[in-house]
Amino acid sequence: QVQLAESGGGLVQAGGSLRLSCAASGIINTINAMGWYRQAPGKQRELVADITSGGRTNYADAVKGRFAISRDNAKKTVYLQMNSLEPEDTAVYFCNANVKLTFRSGAYDFWGQGTQVTVSS
């Protein structure tokens with residue numbers, strides 16, 4: 001129904017930067033909030049940042065001032081600019097979108113397959 005394609009992960013040294021992208025496709029009427037979550041080995045998945053369709057943003061305390069989330073509604077794409085990366089940011093990063101479908105009532109959450117971000121010290 002809806003596919004979220006993530007890109008931009010990789011290996012970077014501490015202090016470096018990466019930019020993640022996530023493009024949505026499928027039978028989409030509108031996209032409500034979009035966000036990024038991460039899951040480190042042995043830990044629960046946690047919210048990194050999210051953004052409403054109107055552009056209001058929310059960040060986890062651990063990334064405030066270092067990460068920036070943005071979206072392009074026309075391209076159905078959300079971005080996560082990650083600066084001043086730390087080894088503690090190492091995790092699989094997942095894209096999430098809350099979507100109203102074209103031929104079905106209600107809104108549903110969809111997830112990307114995840115992209116690995118590794119920060120070396």
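Structure first, text after, so check above.
Residues numbered from 1 in each chain as written. Predicted model: local features only at pLDDT ≥ 70, side-chain atom pairs only at ≥ 80, totals over all residues. Heavy atoms only, no water.

**Digging into the state of the cysteines**
Applying the stated criterion across every chain, the model contains one disulfide. One disulfide bridge connects C22 with C95, the sulfur atoms lying 2.1 Å from each other. Residues C22 and C95 share a disulfide whose torsion about the S-S bond is about -80 degrees; that sign makes it left-handed. Separated by 73 residues along the polypeptide, C22 in strand β3 (residues 18-26) and C95 in strand β9 (residues 91-101) bring together distant segments of the chain. You can call C22 buried: its relative accessible area is 0%. (Disulfide = S-S within 2.5 Å. Helix = DSSP H or I, 4+ residues; strand = E, 2+ residues; numbered from the N terminus. Buried < 20%, exposed > 50% of the residue type's maximum accessible area, 1.4 Å probe, protein only.)

**Details of the nonpolar core**
What tends to happen in soluble globular proteins is that the nonpolar side chains get buried as a cluster. Counting residues in hydrophobic clusters, the biggest one holds 31 residues, and the most contacted among them are W36, L80, M82 and Y93. Taken together, the elements giving at least two residues each to this core come down to β1 (2-7), β3, β4 (28-39), β5 (46-51), β7 (67-72), β8 (77-82), β9 and β11 (115-120). In terms of residue count, the dominant contributor to this core is β9 (six residues). When neighbours within four sequence positions are excluded, Y93 is seen to be in contact with E6, L20, W36, Y37, R38, V48, F67, L80, M82, G114, T115 and V117. (Core = buried A, V, L, I, M, F, W, Y, C linked by side-chain atoms within 4.5 Å. Contact = heavy atoms within 4.5 Å.)

**A look at the sheet that holds β7**
Spatially, the four strands line up as an open sheet ordered β1-β3-β8-β7, and their pairing is antiparallel. Edge positions in the sheet fall to β1 and β7, since each of these pairs with one other strand and no more. Between one strand axis and the next, the sheet turns through 15 degrees on average, direction left out of account. The pairing of β7 with β8 spans six bridges and is antiparallel. Looking at β8, one finds that D72 is bridged to T77. (Pairing = 2+ DSSP bridges. Axes fitted to C-alpha atoms, helices over the stretch in contact; angles between N-to-C directions.)

**Some points on the environment of G55**
Within the element layout of this structure, G55 appears in the loop between β5 and β6 (57-59). Assessed through its relative accessible area of 39%, G55 is described here as partly exposed. Along the primary structure G55 and A107 are separated by 52 residues, whereas in three dimensions their C-alpha atoms are 19 Å apart.

**Quick look at the pairing of β8**
The element β8 is largely enclosed, with a buried count of five among its six residues. In this sheet, β8 lies alongside β3 in antiparallel orientation, the contact comprising six bridges. Bridge assignment links S21 to a residue of β8, and that residue is Y79. Counting the residues that bridge the hairpin from β7 to β8 gives four residues, and of these K76 lies at a positive phi of roughly 55 degrees.

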